[in-house]
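Close look at the chain arrangement
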Amino acid sequence: MCRAADDPPGPSNSSPLGEAPRHLDIIAATYSADDPYGRPVYVVHYDSRSPDGTINMSRHSQTGMGFGFVEVMVLELDRLAPVYKRVVVGVAIHQNSGPRTFGDISNAGVVVVQGYRQLIADNFEQVADATAATVVEFTRDSSGVWELREMVRGFDSDPVLFTAEMGSPQQ
């Protein structure tokens, strides 16, 4: 089981007094073996889960207040049907209070873990001008084993458009 969280503990989604909360969302897109770089078969985010329950949100906060991580997504790749070859996980910033980039959000970050072992940690510094970013790509090889590859890439799109773009081949 892998977990991705989009905000280290602390005042990370806080915003200046009088401004709307700055809100990040973890998004996972699942791709078929027939078209691993095409359209996602399905997308999982704060308002959904995978049809088979293998990818879901176990924590979602819209204010950034609370204990521990603001958002946690659980991926049970070992249970994912063999027709799926690729899963891309990213983070998008809600844009309902005007354009925001990762550089506008203090302490933004993402952590990918397997059990208690940290696999990836990133603070989005290299994509500070982006409004969304991919974080990690999981691919299944011909023997059925999942491999992880860090894939921090910035995008300048809203969360809806990001779900269509996030799995595109890297340029």
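For the structure itself, look to the data block above.
A brief look at the structure comes next.

Here's the deal with the overall build of the protein chain
Across its full length, the protein chain carries 1 helix and 10 strands. Going from the N terminus to the C terminus, the protein chain shows its helices and strands as β-β-β-β-β-β-β-β-β-β-α. Taking all contacts inside the protein chain whose residues are at least 6 apart in sequence as the whole, residues at least 24 apart take part in 62%. Working note: accessible area of the protein chain is about 8600 Å², and carbon and sulfur atoms make up 52% of it.

Overview of the sheet that holds strand E9 (residues 132–140)
Read across the sheet, 5 strands follow the order E3-E2-E6-E9-E10 without closing on themselves; strand pairing throughout is antiparallel. In the strand order of this sheet, the two ends are held by strand E3 (42–44) and strand E10 (146–155), each with one partner. The mean inter-strand angle of the sheet, taken between neighbouring strand axes irrespective of direction, is 20°.

Details of the pattern of salt bridges
Close approach of charged atoms allows side chains with opposite charge to pair. Under the counting rule described, the total for this entry stands at 3 salt bridges. In this structure, Arg 79 and Glu 76 form a salt bridge, with 3.1 Å as the shortest nitrogen-oxygen distance. Taken together, the shared-partner salt bridges in this structure form one network comprising Arg 86, Glu 137 and Arg 149.

Digging into the pairing of E10
As paired elements, E9 and E10 share 8 bridges and run antiparallel to each other. Residue pairing in the sheet places Phe 138 in a bridge with Leu 148 of E10. Counted along the chain from E9 to the antiparallel partner E10, the turn is 5 residues long, and its residue Gly 144 has a positive phi close to 95°.

Comments concerning the nonpolar core
Residues Val 87, Phe 102, Phe 124 and Phe 138 are the most contacted members of the largest nonpolar core, which totals 31 residues. Only strand E2 (24–32), E3, strand E4 (55–59), strand E5 (72–75), strand E6 (84–93), strand E7 (110–114), E9 and E10 provide two or more residues apiece to this core. Among the elements that make up this core, the one with the highest residue count is E6 (5 residues). Residue contacts for Phe 124: discarding those within four places in its chain leaves Val 91, Phe 102, Ala 108, Gly 109, Val 110, Ala 133 and Val 135. One finds Val 88, Ala 92, Ala 132 and Met 166 within the second-largest nonpolar core, a separate group that totals 10 residues.

A look at the packing of aromatic side chains
Tallied over the full model, the rule gives 3 aromatic pairs. Their ring planes at 15° and their centres at 4.2 Å tell us that Phe 102 and Phe 124 sit as a pair that is stacked. Taken together, the residues Phe 102 in the loop between E6 and E7 and Phe 124 in the loop between strand E8 (117–122) and E9 connect sequence positions 22 residues apart. Comparing Phe 102 with Phe 124, the two get one shared label, buried.

Rules used in this analysis
- Residues numbered from 1 in each chain as written.
- Predicted model: local features only at pLDDT ≥ 70, side-chain atom pairs only at ≥ 80, totals over all residues.
- Heavy atoms only, no water.
- Helix = DSSP H or I, 4+ residues; strand = E, 2+ residues; numbered from the N terminus.
- Contact = heavy atoms within 4.5 Å.
- Areas by Shrake-Rupley, 256 points an atom, 1.4 Å probe, with all protein chains shown as cover.
- Pairing = 2+ DSSP bridges.
- Axes fitted to C-alpha atoms, helices over the stretch in contact; angles between N-to-C directions.
- Salt bridge = Lys/Arg side-chain N within 4 Å of Asp/Glu carboxyl O.
- Core = buried A, V, L, I, M, F, W, Y, C linked by side-chain atoms within 4.5 Å.
- Buried < 20%, exposed > 50% of the residue type's maximum accessible area, 1.4 Å probe, protein only.
- Phe/Tyr/Trp six-rings, centres within 6.5 Å; stacked < 30°, edge-to-face > 60°.

Bear in mind that shape data such as this cannot, by itself, settle questions of function.
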